[in-house]
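Remarks on the overall topology
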Amino acid sequence: MQIELIYCDKFLHKLKGITLGFIFTVVVAKIQGYPRYLCFLFIYMKIKGLLKLLSAFIISIAWNNSAQAGSINSGLGPLEIRPQFIVSQPFLAMTPENSSTLKGGESKLSVGIEIANTFVNTQGPTEQITKKEVARGLTKEDFYDKNGDAGKGYSLYLDAETKRKNLKYNYGISDSLEFKLEIPFLSFDGGFMDSSIESVHSLIGISNFKQGGAYRALSERNKYDYYVVKDGEFVYASNQIIYNVRGEPSMGLKWNLSEGGNVMPAVTLKLSYKFANSDRSGEQKLVRSGGVDWGHYLILSKGFDKWIVYFGDGKTRIGENLGFASSMSHQFMSLEYRIEEEVSFVFQSVSQSSIFQETAASPRSTSGENQEQRNSNLSVSTSVSAFGYKFVSGPIFWETGFVQDYNNFGNETDFVLFWEMGVHW
Amino acid sequence: MVSKVLKITFTVICMIFHVSTGWCVEQTVVYFAVQYGIQDTGNPAPVVGQTDSYLSTLETKHGSLKGNRQVSPKVLSFDFYKTNGPVASGFGLEVHSYKKKYTFENDPSQVDISAVGFLYGLNFYYRGDFWFPFLGFGTGNYSAKVKEELVTGSSTTYGTVFGQVDKPFYYKFGVRIPLNGLGIILTQQYISADFDVSTENKPLSLGGTATFIGLYYGF
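Just so you know, these numbers come straight off a predicted model, no measurement behind them.

1. Looking at the overall build of chain B
- Each helix and strand counted, chain B has two helices and 13 strands in total.
- Taken over 219 residues, chain B has a buried fraction of 45%.
- Long-range contacts, defined as pairs at least 24 residues apart, comprise 68% of the intrachain contacts of chain B with a sequence gap of at least 6.

Structural data, given as structure tokens:
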């Protein structure tokens, strides 16, 4: 085997303090006497002077018989589930997606529902909010520290099940460019999952009276209460159930930059845009931000026979943040096992920064653990894992699964069930 | 210099893998492994790691640490490989978990740290006759809890900080010694995962330099 470097050049480009580097390399490799011409374009980012190799993405363009034929770098795709935390429901959130796009002229129409159970009680450790206080109606003083200080940061009492119903339409503009339009309808209520979740906690030895069990035992099951306090003042205070309130629509474009090959991954750029609806009267303020949000995901995928791995890294910019974070970063890793061409199991891990922005809440105290200290921990990044099943039969496709929060930082859903079904023509 | 070395290494890996498609006999292999070992969190990963300062800042106030910075993680891993003759490439997931309590020489202050790392990345293999050397690199996330109880004179300050390292980076090399389906795995791993502890606003290394030994099962 002989490898010969024909051409190599590099150049740098500065963009908002981030240095993007490009290396263009052409090599010829002789394998068993046959020359294979390979062309690599490496694009990388220098962040704080350190090359983050995995934050780099690589586009490979190869010609001649460069061993690319027959490779598959995408399957049925990752689980297309957005973060379901109740506080982030009014804002745009990016969903993991397949690196492949619909072919030009193809369409997909689907309906889906995501049911998320969330329970957070930042007053749990001091038992300031229990069944009794909820029954008489919560006041902002319930969220103060035990000694009566309003305290800084966010305090929460979230006992809700959100149901997000989506109507989605995708269209292939060309073989590598796909358009998407999505309209959500949201319901917030007490739901039905509390009892099952508490039983599972008990089964695996997690106490529902402690932080691991989110202090669920202090509250009634299947009730709806949505209270968010920031720096001692209510941001949300609601216990009125809402049904099928239309959220703000969003649209997206997905561009498959490269299908990759036996070595190089497929590379896709996804852009999403949420329209603003300034009508936030009544219950609509719980599901609409009233501002324009937009975000991107850079998606890489690589196939290893029946196994396909997807990575995504992106950011969402929130136009009207309502006192929460003004941007959120997110990453996903998805592992698909193709049982057959039409059936896959998918394991997925998604990390994201918190919807709660950093506040002046002090993480230290001189009197044991206090309210402000607990509040300070809500602004940290967190992760969820998901497991799902995807199925295609002729024009019909189906996706179902669940999401589980494993960090228990109080800024993520506890458990999510999701289901989507549609037709492809 | 650092980025140049990484670029060259990555280019070489890509090229070796690329040309390896000229060989034949493709097969997918799956491995489950349990490993245990020593990880020195005070010894930064060469090239990608940096010295942390959270504990050294506390040392200036509370005296030197009693004991060292070594932790003993348990590692569960799942890997799959697509082989092409004697070389293989694949993907792996790893879960690392450990706990450590630090105390200080001058006062009864203490810091409890617990960390869980979920790491994933690409692996490359050479399938020899009796042993299979491998190397890999990747990212993932680390979740951590730091619980402080710091004594200064007659007062004690308390702090509990949760957090996550979103983009750690690791690289590793090692060897698998197959013994009929089961086998022994030895791994040398270098992890860069700096957790910003908000009480001091200083980084704490959750990674470092690690050596693991364990058993695997392949099918």
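2. Overview of the overall build of chain A
- Within chain A, the regular secondary structure consists of three helices and 21 strands.
- Every one of the 425 residues in chain A was classed for burial, and the buried ones make up 44%.
- By sequence separation, contacts in chain A at least 24 residues apart represent 65% of the contacts at least 6 residues apart.

3. A look at the nonpolar core
- By size, the foremost hydrophobic cluster in this structure holds 72 residues, and its most contacted members are B:Phe195 and B:Leu206.
- Among the elements that take part in this core, strand S6 (residues 110-126) of chain B stands out by supplying eight residues, more than any other.
- What B:Leu206 contacts, discounting residues up to four positions off in sequence, is B:Thr41, B:Ala115, B:Gly117, B:Tyr142, B:Ala144, B:Val165, B:Ala193 and B:Phe195.
- A:Val120, A:Val134, A:Leu186 and A:Leu286 belong to the second-largest nonpolar core, a separate cluster that totals 30 residues.

4. Describing the environment of A:Arg288
- Inspection of the secondary structure assignment puts A:Arg288 in the loop between strand S13 (266-274) and strand S14 (293-304).
- Aside from chain neighbours lying at most four places away, what touches A:Arg288 is A:Pro90, A:Gly247, A:Glu248, A:Asn277 and A:Arg280.

5. Description of the pairing of strand S4 (residues 74-84) of chain B
Residues and elements named next belong to chain B.
- Across 11 bridges, the pairing between S4 and strand S5 (residues 87-104) is antiparallel. Looking at S5, one finds that Lys82 is bridged to Ser89.
- Hairpin connection from S4 to S5: two residues lie between these consecutive antiparallel strands, with Gly85 at a positive phi of about 65°.

6. What about the pairing of strand S10 (residues 182-192) of chain B?
All names here are of chain B.
- When strand S9 (residues 169-179) meets S10, the two strands line up antiparallel, connected through 11 bridges. Each bridged residue has a counterpart across the sheet, and for Arg176 the counterpart in S10 is Ile185.
- Where S9 hands over to S10, the hairpin turn is made up of two residues, of which Asn180 adopts a positive phi near 55°.
- Two strands pair when backbone bridges link them, and S10 and strand S13 (residues 208-218) are joined in this way by 10 bridges, in the antiparallel orientation. Bridged to Ile184 within S13 is Leu215.

7. Observations concerning unusual backbone geometry
Residue and element names in this part refer to chain A.
- If you check the backbone angles, Tyr215 has positive phi at about 60° while not being a glycine.
- You can see Tyr215 is positioned in the loop between helix H2 (194-203) and strand S9 (225-230).
- When the 22 C-beta atoms within 10 Å are taken as the criterion, Tyr215 is described as buried.
- Positioned with a positive phi, Asn244 is a non-glycine residue whose angle comes to about 45°.
- By the secondary structure assignment, Asn244 is in strand S11 (residues 242-246).

8. Concerning helix H2 (residues 54-62) of chain B
All names here are of chain B.
- For H2, the set of buried residues is Tyr54, Leu55, Leu58 and His62. One face of H2 carries all of its buried residues, which in axial projection span an arc of 85°.
- Positive phi appears at Gly63, one or two residues downstream of H2, with a value of about 95°.

9. Details of the confidence of the model for chain B
Residue and element names in this part refer to chain B.
- Looking at chain B as a whole, its pLDDT mean stands at 85, while 88% of the residues score no less than 70.
- Predicted confidence is poor over residues 14-24, with pLDDT under 50, and the contacts of this stretch with residues over four places away or in other chains come to 22 contacts.
- Scored as a complex, the prediction yields pTM 0.81 and ipTM 0.81.

10. A look at the confidence of the model for chain A
All names here are of chain A.
- On average, residues of chain A score 83 in pLDDT, and 83% of them reach the 70 mark or higher.
- In the model of chain A, strand S5 (residues 57-62) stands out as the element of lowest mean pLDDT, 38, in contrast to strand S8 (residues 177-189), which has the highest, 95.
- Counting interchain partners and residues more than four positions distant, the pLDDT-below-50 stretch residues 30-37 has 19 contacts.
- Overall, residues 46-71 carries pLDDT values under 50, and its contacts beyond four positions in sequence, including any with other chains, amount to 69 contacts.

11. Some remarks on the environment of A:Met193
Residue and element names in this part refer to chain A.
- Following the sequence through the fold, Met193 ends up in the loop between S8 and H2.
- Taking the C-beta count within 10 Å as the criterion, Met193 has 20 such neighbours and is therefore assigned buried.
- Considering only alpha carbons, one finds Met193 and Asn239, 46 residues apart in sequence, at a separation of 18 Å.
- In contact with Met193, other than residues within four places in its own chain, are Asn117, Glu161 and Phe415.

12. Describing the environment of B:Gln70
All names here are of chain B.
- With respect to the helices, strands and loops of the structure, Gln70 is situated in strand S3 (residues 70-71).
- Between the C-alpha atom of Gln70 and that of Leu58, which follows or precedes it by 12 residues, the distance is 17 Å.
- Sequence-distant contacts of Gln70, defined by excluding residues within four places in its chain, comprise Ile38, Gln39 and Asp40.

Rules behind the numbers
Residues numbered from 1 in each chain as written. Chains lettered and ligands numbered in written order. Predicted model: local features only at pLDDT ≥ 70, side-chain atom pairs only at ≥ 80, totals over all residues. Helix = DSSP H or I, 4+ residues; strand = E, 2+ residues; numbered from the N terminus. Buried ≥ 20, exposed ≤ 12 C-beta atoms within 10 Å, placed from the backbone. Contact = placed C-beta atoms within 7 Å. Core = buried A, V, L, I, M, F, W, Y, C linked by C-beta atoms within 7 Å. Pairing = 2+ DSSP bridges. Arc of directions from axis to C-beta. pLDDT = per-residue confidence, 0-100.

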